[in-house]
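Residue-level structural notes
One-letter residues, chain by chain:
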Amino acid sequence: MTSRRGFLGAAGGLLAAAGTVARAASNQPVAGTEAFFGPHQAGIVTPQQSHCFFAAFDLTTDKRDDVIAMLAAWTHAANRLSEGKTALPLGDDARVPAPDAADALGLAPARLTLTFGFGPGLFIKDGKDRYGLVASRPPELADLPRFNGDQLIPAKTGGDLCIQACADDPQVVFHAIRELARLSYDSAELRWVQTGFISKPGDGSTPRNMMGFKDGTQRPADIDKSVWAGNGAPAWMRGGTYLVVRRIRMALEHWDRTKVSFQEETMGRHKYSGAPLGLQNEFEPLGLDRNDKDENPVIAENAHVRLANADRNGSADILRRGYSYNDGANFVAERWPPWRQGMEYDAGLLFICFQADPRTAFVELFGKMAKFDMLNQFTTHTGSGLFACPGGIQPGEYIGQRLFEKI
Ligand code: HEM
């Protein structure tokens, strides 16, 4: 029987030898698909799909070749999955394990994108340079500091690698992660996962988060500058970006007992229209210099949008691409706070953002927000991760090839 490791080696060899993968033959996007190959990885500036399944992995092998074989197998399968195919071709050899769980057979590709990221642990873990990559660790991939108020759960934090699967179908994203995880059995194990969703209003307006506010109004003015690693980046990161993920639990019971006017003061925007406080239109500039008749700022000093605004933070711009999450509810025995009804939602925001340099973007922004943002009384960060997403993949290449081969 073919061992899994044997298969991985074979998949890596197949890519290297043939110099091509399935999609390369036509390179024409199939209807309802997002191109897998290109100058940038998909799933970053791709119009946001309705479902996300985010997975972080720990590497369990100490062999560099195992990691390469796994990445080659992931690349091969991810390209097929993006086209709506099974992860591996379905065969009729009953002696080998099922090549694909087949639960997504017959489903549309649903614009599936698979975005790969490398965490600090790929470069160095417990002081060990496991794969000879430590000299290639980019300074931008510096560990995130501990932020004020962080209550990170180790089982929802970190990871040596990540895959963000996004699609317009919840089963398609689960299937994709499941298949890629199966291909990594000998080399990596799942560390944590998180599902997420956004529902887009039929009129095309901005979707709302669980707090009932439009979320995603502001986007960086210059995506090229704010999101993509520049020409100074190592070859493997050119056209790449850095992903920060935060699992943010919302105290929805508390929020729901708060007046809309206070909610608006907290955000700095009107709840129903999404317009900056005191204005009419969602897409008007924030107008942070506006004062009321008593000379107090209309948008408070500690309102979320003021603290998050790039112009007030040395142009620290990020591309947000988050999803709501709903992990059910926890039973909570006797304890404060008084609005508790025995059950508390474990729901909130799977915050995901992309940027050229997290040190001058997320860390700069959130460092201040974690201390002063009015929103903090309603949110708790329980999970976190930082990953370098290499530049786009070309036909015949595997993800991270330019890093491993130091091209
Ligand atoms: C549960 C947590 C959060 C909620 C509910 C939330 C909600 C919102 C809302 C409603 C807006 C205004 C609409 C928009 O422009 O999209 C906004 C803007 C923004 N948020 Fe958050 N957010 C959260 C966490 C974060 C975090 C952790 C960051 C990290 C830096 C962040 C960064 C931003 C930025 C950069 C803006 C745009 C500010 C501007 O107008 O210039 N948010 N957020």
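The shown structure was predicted, so the numbers you read here are calculated from the model rather than taken from an experiment. (Residues numbered from 1 in each chain as written. Predicted model: local features only at pLDDT ≥ 70, side-chain atom pairs only at ≥ 80, totals over all residues.)

The secondary structure content of the chain amounts to 10 helices and nine strands. The globule rule puts the C-alpha radius of gyration for 407 residues at 22 Å, and the 22 Å found for the chain is close to it. With the C-alpha coordinates aligned to their principal axes, the bounding extent of the chain is approximately 75 × 50 × 45 Å. Across the 407 residues that make up the chain, the buried fraction comes to 42%. If you take every contact in the chain between residues at least 6 apart in sequence, the share linking residues at least 24 apart comes to 78%. (Helix = DSSP H or I, 4+ residues; strand = E, 2+ residues; numbered from the N terminus. Rg over C-alpha atoms; globule rule 2.2 N^0.38 Å. Buried ≥ 20, exposed ≤ 12 C-beta atoms within 10 Å, placed from the backbone. Contact = placed C-beta atoms within 7 Å.)

A separate point is the nonpolar core. Formed by 97 residues in total, the largest nonpolar core has its most connected members in Trp 74, Ala 165, Val 173, Ala 176 and Ile 177. Examining the composition of this core, we find that 11 residues originate from one element, helix H2 (residues 64-82), more than from any other. Viewed by domain, this core spans two of them, domain 1 (1-27 + 48-114 + 160-195) and domain 2 (120-157 + 198-407), each represented by three or more residues. Each residue touching Ala 165, except ones within four places of it in the same chain, is listed here: Cys 52, Phe 53, Leu 112, Leu 114, Val 173, Ala 176 and Ile 177. (Core = buried A, V, L, I, M, F, W, Y, C linked by C-beta atoms within 7 Å. Domains from an automatic or database assignment.)

Here the phi dihedral of Ala 102 falls at roughly 70°; this positive angle occurs in a residue that is not glycine. Position of Ala 102 among the secondary structure elements: in the loop between H2 and strand E2 (113-118). Despite not being glycine, Glu 295 has its phi angle at roughly 70°, a positive value. For Glu 295, the location among the structural elements is in the loop between helix H7 (260-267) and helix H8 (304-308).

Assigned domains within the chain: domain 1 (1-27 + 48-114 + 160-195) and domain 2 (120-157 + 198-407). The centre of domain 1, based on its C-alpha atoms, is set 27 Å off from the matching centre of domain 2. The partner domain 2 presents 27 residues to the 28 residues of domain 1 that form the contact. Elements that contribute at least two residues to the side of domain 1 that touches domain 2 include exactly strand E1 (51-59), H2, strand E3 (161-167) and strand E4 (188-197). Of the residues belonging to the side of domain 1 that touches domain 2, the class tally is 15 nonpolar, nine polar and four charged. (Nonpolar A, V, L, I, M, F, W, Y, C, P; charged D, E, K, R; others polar.)

The next point concerns the pairing of E1. Burial within E1 is extensive, with eight of its nine residues counted as buried. By the bridge criterion, nine bridges tie E1 to E4 in an arrangement that is antiparallel. The partner of Asp 58 across the bridge, within E4, is Glu 189. (Pairing = 2+ DSSP bridges.)

On to the site of the ligand, then. Near the ligand lie 29 residues; those nearest to it are Phe 213, Thr 217, Gln 218, Ala 308 and Asn 309. Only strand E5 (241-250), H8, strand E8 (343-355) and helix H9 (362-372) provide two or more residues apiece to the shell around the ligand. With four residues, H9 is the single largest residue contributor to the shell around the ligand. Taken together, the residues of the shell around the ligand sort by class into 17 nonpolar, eight polar and four charged. (Near = placed C-beta within 6 Å.)

Another aspect to go through is H2. When the terminal C-alpha atoms of H2 are compared, their 27 Å separation across 19 residues agrees well with the 27 Å that a helix rising 1.5 Å per residue should span. Within H2, 17 of the 19 residues are buried, which leaves the element mostly enclosed by the surrounding structure. (Expected span 1.5 Å × (residues − 1).)

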